[in-house]
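Survey of secondary and tertiary structure
Here is how the chains run, residue by residue.
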Amino acid sequence: MINDWNATLSNLRKGGAAFAKHNPAVVTAYRGLNEALGQAKHLDDKTRELIALAVAVTTRCDGCISSHSAAAQKAGATVEEVSEALGTAVALNAGAAYVYSVRAIEAFEQMDK
C-alpha cells in the first residue's frame, strides 16, 4: 500500500476544521462552492465525482483524491469506471506535456543567443 487514504481523508477533515476556526469566511465560501455543484441539473453525482477524481489526479492533490474517491464510491462508481476516468486524466496530462513542450521549444527558439 502506498498511502492510507482513509487516514488522509480523516486528517484532511481535522485540518479543515482547524482552518475553518481560523478563517471561517474562506471555508464558508469554499463549502458554498461545493454545495452549488450539488445543485447542478445535468450531471449526476457519480459523473461529477469521476470528473473530480480525474482532475484531482491531474492537479496532484492527495486530499482531493481521498475525498473524491470516497464520494465516487458513495455515488456508486465502480473501479472500472474510476479506471476509465483516470485513463482520461493520464491522456490529458500527456497532452498537456505535449502542448507545453511545444511552448518550451518556441520559448527556447525566441531567446536571444
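What counts as what
Residues numbered from 1 in each chain as written. Predicted model: local features only at pLDDT ≥ 70, side-chain atom pairs only at ≥ 80, totals over all residues. Heavy atoms only, no water. Helix = DSSP H or I, 4+ residues; strand = E, 2+ residues; numbered from the N terminus. Expected span 1.5 Å × (residues − 1). Polar contact = N/O pair within 3.5 Å; in protein donor to acceptor, adjacent residues only side chain to side chain. Buried < 20%, exposed > 50% of the residue type's maximum accessible area, 1.4 Å probe, protein only. UniProt positions renumbered as here; feature names shortened; annotations may be inferred. Contact = heavy atoms within 4.5 Å. Lys, Arg positive; Asp, Glu negative; His and termini not counted. Salt bridge = Lys/Arg side-chain N within 4 Å of Asp/Glu carboxyl O. Core = buried A, V, L, I, M, F, W, Y, C linked by side-chain atoms within 4.5 Å.

The protein chain appears in an unreviewed UniProt entry as Alkylhydroperoxidase AhpD core domain-containing protein from Advenella mimigardefordensis.

Attention now moves to unusual backbone geometry. If you check the backbone angles, Arg60 has positive phi at about 60 degrees while not being a glycine. Looking at where Arg60 falls in the secondary structure, it is placed in the loop between helix 3 (45-59) and helix 4 (62-74).

Time to look at helix 1 (residues 5-22). For helix 1, spanning 18 residues, the distance from its first C-alpha to its last is 26 Å, which sits close to the expected 26 Å at 1.5 Å a residue. One side-chain oxygen of the residue at the start of helix 1 lies 3.3 Å from the amide nitrogen of Asn6, identifying that residue as Asp4.

Turning next to the environment of Arg103. Looking at the element boundaries, Arg103 is found in helix 5 (residues 79-110). Residue class for Arg103 comes out partly exposed when judged on its relative accessible area of 48%.

Our focus in this paragraph is the UniProt feature "domain: Carboxymuconolactone decarboxylase-like" (unreviewed entry) in the protein chain. In the numbering used here, UniProt assigns the "domain: Carboxymuconolactone decarboxylase-like" (unreviewed entry) feature to residues 24-106. When the span residues 24-106 is considered, its composition is 84% helix and 0% strand, and the gap between its end C-alpha atoms is 44 Å.

This part takes up the environment of Leu50. Among the secondary structure elements, Leu50 is positioned in helix 3. Take Leu50: its relative accessible area is 13%, and that puts it in the buried class. Separated by 41 residues in sequence, Leu50 and Leu9 place their C-alpha atoms 17 Å apart. Dropping the residues within four chain positions of it, Leu50 is found in contact with Ala77, Glu81, Val82 and Ala85.

Turning our attention to the side chain of Glu49. By the element assignment, Glu49 lies in helix 3. Buried within the structure, Glu49 lacks any salt-bridge partner; Arg48 is the closest side chain of opposite charge, at an N-O distance of 5.9 Å. Beyond its immediate sequence surroundings of up to four residues, Glu49 is in contact with His68, Ala71 and Ala72.

Judged by nonpolar contacts, Leu50, Leu53, Ala56, Ile65, Ala72, Ala77, Val82 and Ala85 together constitute the single largest core of eight residues. The set of elements that each furnish at least two residues to this core consists of helix 3, helix 4 and helix 5. Per-element tally for this core: the top contributor is helix 3, with three residues. With near-sequence residues (within four places) excluded, Ala77 lies in contact with Lys46, Leu50, Ala72 and Val82.

Moving on, we get to helix 3. For helix 3, built from 15 residues, the straight-helix expectation of 21 Å at 1.5 Å per residue is met to within 8% by its first-to-last C-alpha distance of 21 Å. When we look at burial in helix 3, the residues that qualify are Arg48, Glu49, Leu50, Ala52, Leu53, Ala54 and Ala56. In the core, the buried residues of helix 3 are packed alongside helix 2 (24-37), helix 4 and helix 5. Immediately downstream of helix 3, the backbone of Arg60 shows phi near 60 degrees, a positive value.

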